[in-house]
Every structure is written in C-alpha cells, then in structure tokens.
Amino acid sequence: KADMIKNGDIVEFYDEGEETESKSFTNEDGTPKIQFNIKVKLADGSIKTATMNLTSRRLIAAEYGDESMEWIGKEATLNLVMTNQGKKSIIFEPI
C-alpha cells in the first residue's frame, strides 16, 4: 500500500505473481476488474503482496521481459504518484 512505502524504496520480485479479480474495483458492467498481484521483498526482508498497475507492468516488462517468471530476483524502485482522484499510487520502475 502506498502509505507503507517511501518514494525511492527498492523491492525485489519474489514470485511470478497472478491475476485475480479485484474486491474493490469493478468494470462499467459491474464485473470485477482484473488486477495483478505479485509478492515483493522489502528492504527489511519482509514479504508483501503488491498490486501492480498496467503502467508498472509495462515498465517492468520492457526491461525484464514479458513473462513475470523472469522478474523473480530482479529489483524495482517504487515511486509514489498522485492519481487524478487525489490518491497515492505506486509505480514500479526497473533498476
């Protein structure tokens, strides 16, 4: 979650992630949006599940490959940005 990290924090991808149905967001037709959740290792060694937005997935895939299995063990910098709705969002950028 955006309130748990600082701008510039570095994480390591811990697993290949998976697409799941969102419990918070729906499409216009009422069906759940699909989100991509992936486990990351934080600087303190703890493992957390992060939801990656499409921008982050594209940035990471461009550098590390389209298959998220290839991301395991690689690092990313976390950058906090404000959304149009005034909420904090996390952007993962390859190192």
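Scroll up a little and you will see the structure.
In short, a report on the structure. By convention here, each chain's residues receive numbers from 1 onward along its written sequence. Given that this is a predicted model, residues contribute local features only at a pLDDT of at least 70 and side-chain atom pairs are listed and counted only at 80 or more, while totals for whole chains, interfaces and linings are drawn from all residues. Side-chain metrics in this entry use all non-hydrogen atoms of the structure; hydrogen atoms and water are not considered.

## Topic: the pattern of salt bridges
Side-chain pairing between opposite charges can occur once the charged atoms of the two side chains come close. Between Lys or Arg on one side and Asp or Glu on the other, a salt bridge is scored when a side-chain nitrogen of the former is within 4 Å of a carboxyl oxygen of the latter. Inspection of every chain in the model, using the stated rule, returns 2 salt bridges. Across the pair lysine 6 and aspartate 9 runs a salt bridge, and its minimum N-O distance is 3.8 Å. Remark: exposure states derive from per-residue accessible area (1.4 Å probe, protein chains only) relative to the maximum for the residue type, with buried under 20%, exposed over 50%, and partly exposed in between. On the accessibility criterion, aspartate 9 (23% relative accessible area) is partly exposed. Measuring nitrogen to oxygen at the nearest pair gives 3.3 Å for the salt bridge that ties glutamate 19 to arginine 57. Of this pair, glutamate 19 sits in strand β2 (residues 18–26) while arginine 57 sits in helix α1 (residues 54–64), and the two are 38 residues apart along the sequence. Glutamate 19 sits in the exposed class, given a relative accessible area of 51%. Judged by its relative accessible area of 25%, arginine 57 falls in the partly exposed class. Elements are defined by DSSP. Helices are runs of H or I of four residues or more, strands are runs of E of two residues or more, and each kind is numbered from the N terminus.

## Here we look at a negative patch on the surface
A contiguous patch of negative charge, built from Glu16, Glu18, Asp66, Glu67 and Glu70, is present on the exposed surface. Following the sequence through the fold, glutamate 70 ends up in the loop between α1 and β5 (75–82). Patch criteria: residues need more than 30% relative accessible area and no salt bridge. Like-charged residues are merged within 9 Å; nonpolar side chains of Val, Leu, Ile, Met, Phe, Trp and Tyr are merged within 5 Å. Note on areas: these come from Shrake-Rupley sampling with a 1.4 Å probe, and a residue is covered only by the protein chains present in the view. Positive charges come from Lys and Arg alone, negative charges from Asp and Glu alone, with His and the N- and C-terminal ends not counted. Lysine's charge is taken at NZ, arginine's at CZ, aspartate's at CG and glutamate's at CD.

## Re the packing of aromatic side chains
A ring pair, where both rings are aromatic, is described by two values, the distance of the centres and the angle of the planes. Any pair of Phe, Tyr and Trp rings, taking the six-membered ring for Trp, is counted once the centres come within 6.5 Å. Such a pair is stacked with planes under 30 degrees apart, edge-to-face with planes over 60 apart, and tilted for the rest. One pass over the full model with this rule turns up 3 aromatic pairs. Relative to tryptophan 71, the ring of phenylalanine 13 lies with its centre 5.5 Å away and its plane at 50°, an arrangement referred to as tilted. Within this pair, whereas phenylalanine 13 is found in strand β1 (residues 10–13), its partner tryptophan 71 is found in the loop between α1 and β5, the two being separated by 58 residues in sequence. You can call tryptophan 71 buried: its relative accessible area is 2%.

Distances and angles like these do not, on their own, reveal function.
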